[in-house]
Amino acid sequence: MTVPFFAQPIALSDSFTLPSRAILSPLEGIMNREAFFKAAVSMGLIDSWMPPFIAVPKGAAPSTGALRRRFGLFLESNIPLSIQLLGNDPDTLAETGAALFRIGVRSVNLNCACPSRTVLSGGSGGALLKNPGRIRDILCAIKEKTPGLCLSVKTRSGFRSPEEIPSLMEAVREGGADWVLHHFRTVPETYETVPFEEAIRRLRLVVRKAAPLPVFANGDIRTAEDAEIMVKETSCAGIAVGRGIMRDPFLLRKLRGAACPPDMCPAFLKALSGGEIAGKKKRRFHLECVKMAFGESSPEFREALQNSP
Ligand SMILES: Cc1cc2nc3c(=O)[nH]c(=O)nc-3n(C[C@H](O)[C@H](O)[C@H](O)COP(=O)(O)O)c2cc1C
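Residues numbered from 1 in each chain as written. Predicted model: local features only at pLDDT ≥ 70, side-chain atom pairs only at ≥ 80, totals over all residues.

Draft legend 1. Up close: the sheet that holds strand S4 (residues 54–55). Spatially, the eight strands line up as an open sheet ordered S3-S10-S9-S8-S7-S6-S5-S4, and their pairing is parallel. With one partner strand each, in any of the chains shown, strand S3 (22–24) and S4 form the two edges of the open sheet. On the sheet, helix H8 (residues 224–234) packs against S3, strand S9 (215–218) and strand S10 (238–241) and is oriented at approximately 140° with respect to S10. (Pairing = 2+ DSSP bridges. Helix = DSSP H or I, 4+ residues; strand = E, 2+ residues; numbered from the N terminus. Contact = placed C-beta atoms within 7 Å. Axes fitted to C-alpha atoms, helices over the stretch in contact; angles between N-to-C directions.)

Draft legend 2. Expanded view of helix H2 (residues 64–76). Here H2 is 13 residues long, yet its end C-alpha atoms lie only 16 Å apart, well below the 18 Å a rise of 1.5 Å per residue gives. Looking one or two residues beyond H2, the residue adopting positive phi is Asn78, at roughly 65°. (Expected span 1.5 Å × (residues − 1).)

Draft legend 3. Quick look at the packing of helix H11 (residues 265–272) against helix H12 (residues 279–294). One can describe the packing of H11 onto H12 by two numbers: an axis separation of 9 Å at closest approach and a directional angle of 140°. Note on packing geometry: the crossing formed by H11 with H12 is right-handed. Along the contact surface, H11 presents Cys265, Leu269 and Leu272, while H12 presents His286, Cys289, Val290 and Ala293. Residue composition of the contact of H11 with H12, by class: six nonpolar, one polar and no charged. (Left-handed = near helix turned anticlockwise from the far one by under 90°. Nonpolar A, V, L, I, M, F, W, Y, C, P; charged D, E, K, R; others polar.)

Draft legend 4. Structural view of the site of the ligand. Not every one of the 20 residues close to the ligand is listed here, only the nearest: Ser25, Glu28, Pro52, Gly242 and Arg243. Residues belonging to the shell around the ligand are distributed by class as follows: seven nonpolar, nine polar and four charged. (Near = placed C-beta within 6 Å.)

Draft legend 5. Quick look at unusual backbone geometry. Going from Ala211 to Pro212, the amide bond is cis rather than trans, its omega being 10°. Residue placement: Pro212 occurs in the loop between helix H7 (196–210) and S9. Notably, Thr190 is not glycine yet its phi reads approximately 35°, a positive angle. Despite not being glycine, Asp220 shows a phi value in the positive range, around 60°. Within the fold, Asp220 resides in the loop between S9 and H8.

Draft legend 6. Here's a closer look at the environment of Leu139. Tracing the sequence through the fold places Leu139 in helix H5 (residues 132–145). Since 27 C-beta atoms lie within 10 Å of it, Leu139 is described here as buried. It is 7.6 Å that separates the C-alpha atoms of Leu139 and Val172, two residues lying 33 residues apart in sequence. Apart from residues lying up to four places away in sequence, Leu139 is in contact with Leu110, Leu151, Gly175, Gly176 and Ala177. (Buried ≥ 20, exposed ≤ 12 C-beta atoms within 10 Å, placed from the backbone.)

Draft legend 7. Region of interest: the nonpolar core. Among the nonpolar cores identified, the biggest contains 87 residues, and Ile142, Val172, Val180, Val215, Phe216, Cys236 and Ile239 are the most heavily contacted of them. Residue assignment places this core across two domains, with domain 1 (5–262) and domain 2 (277–309) each supplying three or more. Ignoring any residue separated from it by four or fewer positions in sequence, one finds Cys236 in contact with Leu203, Val207, Val215, Phe216, Ala217, Met230 and Val231. (Core = buried A, V, L, I, M, F, W, Y, C linked by C-beta atoms within 7 Å. Domains from an automatic or database assignment.)

The analysis is restricted to geometry; functional conclusions fall outside its scope.
Structure below.
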């Protein structure tokens, strides 16, 4: 029997293998809640995990104790774990990579994609795309200090324009990255609509220019069919789903060919807002999740608003 494409493991470095090619793309504010991780693991939604970024300001590498407190739960789960770093100082990021390695983390991702104004004004996230040389220096510094770490980058299709893709991918390769997670929009496009043909054109270019590095394609994958089309059209090595998981929690499971109980979305959304939060905050969080899952003008969101005391 042939194993479905998405269920095939992929070795991304000597020490780091993803059990499948359908992964989550981090969502800050949603996926950094332990309730999300616990629900996702207990419902068998994920088989690897990249939580939202940790900010690493220059000269302020976190201690191993702080990292252990923050990521202990994930490490104990034994699910392949990648930690995403947000910063721009090569030495501090390399020190953080080494500390993560000491506590057992084997995979690190550099965020070169965040379009938030605050992050951009600090010169991190998407702002790094303006300076491919800096991306290369950061990657080289991390790799040199801790060669055993599997190293990846989260990129967008340029700070201003997709024409930047070739030089960006060159820097990523020269920096020694092992793989790329790519969201097809540029930084100023934030989450705007990009025509399908254009999104595919950009992703194809990324796949070509990043070669031989594997590329996981990301952006607007909401159904199994979207994922299949993405692979067929771009020859990417895998896909990553962000907001789509809120609408269909079993999307990654489906892609792996695993059995899926009937629609679990309401139970999943409820599990997400359980645990650490209470009262008003809990209601607000639940509304945020429903909005992300179904959209602001959806009947589901209107109903959630009406039922919210
Ligand atoms: C609320 C929110 C938080 C996000 N946080 C992160 C993050 O911490 N790290 C990251 O690389 N991308 C982050 N992203 C981007 C997503 O991972 C993903 O690249 C983007 O939403 C496009 O994919 P999608 O259409 O599947 O959601 C965030 C997006 C949203 C909407």
